[in-house]
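Spelled out, the chains give:
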Protein chains: 2
Amino acid sequence: MAKKVPIDFVDERLNQGLAKTGLRFTAQRRHIYNTLLQKRDHPSAEEVFMRAKAEMPELSMATVYNTLDTLVKCGLIRQVTHDRGPTRYCSNLQKHHHFYCNECNGVFDIDVDPETGEPEFHMPPGFTISHWEILFRGVCPECNAKKNGAGSSRS
Amino acid sequence: MAKKVPIDFVDERLNQGLAKTGLRFTAQRRHIYNTLLQKRDHPSAEEVFMRAKAEMPELSMATVYNTLDTLVKCGLIRQVTHDRGPTRYCSNLQKHHHFYCNECNGVFDIDVDPETGEPEFHMPPGFTISHWEILFRGVCPECNAKKNGAGSSRS
DNA sequence: ACTGGATTTGGAATAATTCCAAGTCTTGAC
DNA sequence: GTCAAGACTTGGAATTATTCCAAATCCAGT
Ligand SMILES: [Mn+2]
Ligand SMILES: [Mn+2]
Ligand SMILES: [Zn+2]
Ligand SMILES: [Zn+2]
């Protein structure tokens, strides 16, 4: 049960991510990010807090929320909210989709087919699908118009 | 700005849906369902409450939550939760996908291409996509095993 | 009309997240 | 190295969204 992800790797990734946005590398951010990488299930903020606090007892919930938001903004983790209940976080950056179990509320990664690359995917055996849908994120026409019209120079 | 959806149609649909599960047809359920059908954006429970209460002042928030859950169970509406923040509700039963605007937090229906039927879709002009993913719902292998093994007779 | 169960209601309770102000740490300028 | 400014963390309060609960009401069947 040794660490699966070497800490050097964690540090480098985190550094890269933070650098892009001019944020600092801190002990808390490092520890929380590392915690997320060591067990790639889809923990809630509360779960992350408990796991991380075990090794860093002074850690506060506020910092966990702050850091999770930061990591999402840096593109180092994904936010997963597909049902009522606490938001989950995903540290698997490979392109993948999600399966949500209606019985146990578990979230599972569904990898894309490495051959065909895109929307083709393995559905691991044993899963029963009752519904699926595509979720797009981006900017709607109205907001795009607003941004272009106002001609702001940002992003 | 007359009612777009005739009340007879609403009543019939609701009756059918409720019948399946042996639930009663009530004034509140009718009114809330009708409210949802008249404006097919993706309102939160709070928004549904405000709209519905305008014409039925005694209506309570608890009933709105109860009824929304009921309608979801009956398959008359869909629950839409793709971000932090209040759950939204969708009364469009046509097969469609969702677009979530990162700027205004709006939710938009993305219809499937009527020709090809399935995963092909029109992306209406003006939308900018930054990310998309497929969301599956159903039962995971472990829960399937539990259900089959236990051999209970229910659903 | 009467009864049992379903439904509605207002308010309390809980869960999840956000906000805030005070303390601490880090970085860059001197 | 010292110092100031800004970034970061922290505990707790506040807010938001939802759920829970017990009492009142409604309804269907008898
Ligand atoms: Mn994932
Ligand atoms: Mn919709
Ligand atoms: Zn499951
Ligand atoms: Zn928008």
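Given the structure is predicted, the values throughout are model-derived calculations rather than measurements.

Draft legend 1. Main features of the coordination of the manganese ion (ligand 2). Donor atoms from the polypeptide that coordinate the manganese ion (ligand 2) comprise H42 of chain B (NE2), C90 of chain B (SG), H96 of chain B (NE2), H98 of chain B (NE2) and D109 of chain B (OD), at 2.1 to 2.4 Å from the metal. Read from N- to C-terminus, the donor residues coordinating the manganese ion (ligand 2) fall into the pattern H-x47-C-x5-H-x1-H-x10-D.

Draft legend 2. Geometry of helix α2 (residues 27–38) of chain B. Residues and elements named next belong to chain B. Given a rise of 1.5 Å per residue, 12 residues ought to cover 16 Å, and the 16 Å separating the end C-alpha atoms of α2 matches this to within 8%. Of all 12 residues that make up α2, nine are buried, and the element is covered over most of its length. Within α2 the residues assigned to the buried category are R29, H31, I32, Y33, N34, T35, L36, L37 and Q38. Tucked inside the fold, the buried residues of α2 contact α1 (7–21), α3 (45–55), α4 (61–73) and β2 (88–90).

Draft legend 3. A look at the sheet that holds strand β3 (residues 96–101) of chain A. Overall, mixed pairing links the six strands, which are arranged β4(A)-β3(A)-β5(B)-β5(A)-β3(B)-β4(B) in an open sheet. Single-partner strands in this sheet number two, and they are β4 (107–111) of chain A together with β4 (107–111) of chain B. Pairwise comparison of adjacent strand axes, ignoring direction, gives a mean angle of 30° for this sheet. Bridge count between strand β3 (residues 96–101) of chain B and β4 of chain B: five bridges; the pairing is antiparallel. Across the sheet, residue H96 of chain B finds its bridge partner in β4 of chain B, namely D111 of chain B.

Draft legend 4. How the structure looks around the coordination of the zinc ion (ligand 3). Taken together, C101 of chain A (SG), C104 of chain A (SG), C140 of chain B (SG) and C143 of chain B (SG) make up the full set of protein donors to the zinc ion (ligand 3), lying 2.2 to 2.3 Å away. Given four donor atoms and angles of 104 to 120° at the metal, the environment of the zinc ion (ligand 3) is assigned as tetrahedral. Here C143 of chain B lies in helix α5 (residues 141–150) and C101 of chain A lies in strand β3, a pairing that spans two chains. Considered together, C101 of chain A and C143 of chain B belong to a single accessibility category, that of buried residues.

Draft legend 5. Spatial organisation of the pattern of salt bridges. Residues and elements named next belong to chain A. Enumeration according to the criterion identifies 12 salt bridges over all chains in this entry. One salt bridge in this structure joins D41 and R51, with 2.7 Å as the shortest N-O distance. In this pair, D41 is assigned in the loop between α2 (27–38) and α3 (45–55) and R51 in helix α3, connecting sequence segments 10 residues apart.

Draft legend 6. Representation of the relation of the copies chain A and chain B within the structure. Here chain A sits on chain B after a turn of 180° about the axis and a move of 0.0 Å along it, with an RMSD of 0.1 Å. Here the transformation between the copies is reduced to the relation of a two-fold axis. In terms of proximity to the rotation axis, the leading residue of chain A is I134 of chain A, whose C-alpha is 2.2 Å off the axis. Interface overlap between copies: 100% of the residues of chain A at the interface are likewise at the interface in chain B, consistent with a symmetric, same-surface contact.

Scoring rules and cut-offs
Residues numbered from 1 in each chain as written. Chains lettered and ligands numbered in written order. Predicted model: local features only at pLDDT ≥ 70, side-chain atom pairs only at ≥ 80, totals over all residues. Heavy atoms only, no water. Donors = N, O, S within 2.8 Å, 3.2 Å for Na, K, Ca; no water. Helix = DSSP H or I, 4+ residues; strand = E, 2+ residues; numbered from the N terminus. Expected span 1.5 Å × (residues − 1). Buried < 20%, exposed > 50% of the residue type's maximum accessible area, 1.4 Å probe, protein only. Contact = heavy atoms within 4.5 Å. Pairing = 2+ DSSP bridges. Axes fitted to C-alpha atoms, helices over the stretch in contact; angles between N-to-C directions. Tetrahedral: all angles 85-135°; square planar, octahedral: opposite > 155°, others 65-115°. Salt bridge = Lys/Arg side-chain N within 4 Å of Asp/Glu carboxyl O. Least-squares fit on C-alpha atoms with pLDDT ≥ 70 in both.

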